[in-house]
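Now for the letters of each chain:
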Amino acid sequence: MTLQIQPRQTGLTPAALARQVVQALLDEVTLTPKPGLVDLRSRGAHTDLNWALMCHSACVLQPVFAALAGAGWHASGDDDSLRQQIGRIGRHGEALMMTATGGVNTHRGAIWALGLLVTAAAQLAARSVQLAPAAVAARAAALARLPDRGAPAETGNKGELACRQYQVGGARGQAMAAFPHVVDVGLPCLRTSRARGDKETTARLNALLAIVAQLDDTCVLSRGGRAALLDMQAGAAQVLAAGGAGSQQGGTALHALEAQVLERRVSPGGAADLLAATLFLDRLDKLDNTHGAQHGKA
């Protein structure tokens, strides 16, 4: 006999969800080797970032993600009110990040993407809805489509300028479309790579490369323009076509891609944020299924 125990996501409290976000950010920055991105070896294409600073920033933001999750958890059902609340929390988080890093943008994109996702996950968990990646992403998209009336009309951020110049959706478009490069690209590649026996590091690198190969990354566009983006996309696709990051030919192609992006001083920061989102939703799905198995049957 099946008996529903409430709530089925007992362990997925706002604080626990925030810890999962921070862990995803730490997993992303620690993943090595990543082309053009900060990792355990180097600063990548950046002069103002390093691994320790990225880790510090992620940990500083844990209370912010907890507040976002708490807002989702206790939401009354008025999405507009929730949208205004998380907008205020997100702006506070960005200011906190800038203070902690001495004015360096470490996680602006992650606050946006993972902030929406953790809010959505908490909102669903509080209502005992299964935290399938597509469901969490769809809930986040519904919030992203609502106007944030407290946000400035223009921020002058590089990503915003790149969206306008190159007519791409950027982080905002990705969220409003329910994170297709996470749900339909990153997660399937991650799980396919695992299923064929790749090590976890390899599976995560392949997921990153799959996202890079298809994403109109505004971080790349703002630094190197359309030509740099197309070359990076082609290079990432070549690694995957050669067998992925874990194969000999794929490793050679990955090394060549890294040399190319470092020469151009470009970095797929947008893809890195979406990899962190991929890792978060993947972990959330596993935890939710574990709690469902433990609490959903008697």
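The structure this text deals with has already been given above.
Colleague: Sorry if this is basic, but what is going on with helix H10 (residues 200–214) here?
Modeller: Every α-helix winds through 3.6 residues per turn, so residues three or four apart in the chain are directed the same way. If you check H10, its first and last C-alpha atoms are 22 Å apart, about what 15 residues at 1.5 Å a residue would give, namely 21 Å. Among the 15 residues of H10, twelve are classified as buried, and the element is accordingly described as predominantly covered. Thr202, Ala203, Arg204, Leu205, Asn206, Ala207, Leu208, Leu209, Ala210, Ile211, Val212 and Ala213 are the residues of H10 that are buried.

Colleague: What is the right way to read the state of the cysteines from this model?
Modeller: In protein structure, a disulfide is the covalent linkage between the sulfur atoms of two cysteines. For the coordinates displayed, the defined rule picks out zero disulfides. With no disulfide of its own, Cys163 has Cys219 as its nearest cysteine by sulfur position, at a separation of 9.9 Å.

Colleague: Just to check I follow, could you spell out the environment of Ala15 for this structure?
Modeller: Note on placement: Ala15 falls in helix H1 (residues 14–30). As a C-alpha pair, Ala15 and Gly269 span 254 residues in sequence and 26 Å in three-dimensional space.

Colleague: Looking at this structure, I do not really get the packing of H1 against helix H3 (residues 62–73). What am I missing?
Modeller: It is the contact of H1 with H3, at a shortest axis distance of 8 Å, that shows an interaxial angle of 135°. Judged by the inter-axis angle, H1 sits oblique to H3. Between H1 and H3 lies a crossing whose hand is right-handed. Mapping the contact onto sequence places Pro14, Leu17, Ala18, Arg19, Val21, Val22 and Leu25 in H1 and Gln62, Phe65, Ala66, Ala69, Gly70 and Trp73 in H3. Looking at the contact of H1 with H3, its residues break down into ten nonpolar, two polar and one charged.

Colleague: Would you mind going over the pattern of salt bridges with me for this structure?
Modeller: Two side chains bearing opposite charge may form a pair once their charged atoms approach each other closely. This model, assessed by the stated rule, comprises 18 salt bridges. The salt bridge partner of Glu200 is Arg194, with a shortest N-O separation of 2.8 Å. Classification of Glu200 as partly exposed rests on a relative accessible area of 30%. We note a salt bridge from Glu200 to Arg204, for which the minimum N-O separation is 2.8 Å. With a gap of four residues between them, Glu200 and Arg204 both fall in helix H10, about one helical turn apart. For Arg204, a relative accessible area of 18% puts it in the buried group.

Calculation notes
Residues numbered from 1 in each chain as written. Predicted model: local features only at pLDDT ≥ 70, side-chain atom pairs only at ≥ 80, totals over all residues. Heavy atoms only, no water. Helix = DSSP H or I, 4+ residues; strand = E, 2+ residues; numbered from the N terminus. Expected span 1.5 Å × (residues − 1). Buried < 20%, exposed > 50% of the residue type's maximum accessible area, 1.4 Å probe, protein only. Disulfide = S-S within 2.5 Å. Axes fitted to C-alpha atoms, helices over the stretch in contact; angles between N-to-C directions. Parallel < 35°, antiparallel > 145°, perpendicular 65-115°, else oblique. Left-handed = near helix turned anticlockwise from the far one by under 90°. Contact = heavy atoms within 4.5 Å. Nonpolar A, V, L, I, M, F, W, Y, C, P; charged D, E, K, R; others polar. Salt bridge = Lys/Arg side-chain N within 4 Å of Asp/Glu carboxyl O.

Such coordinate-based values are descriptive only and should not be taken to indicate function.
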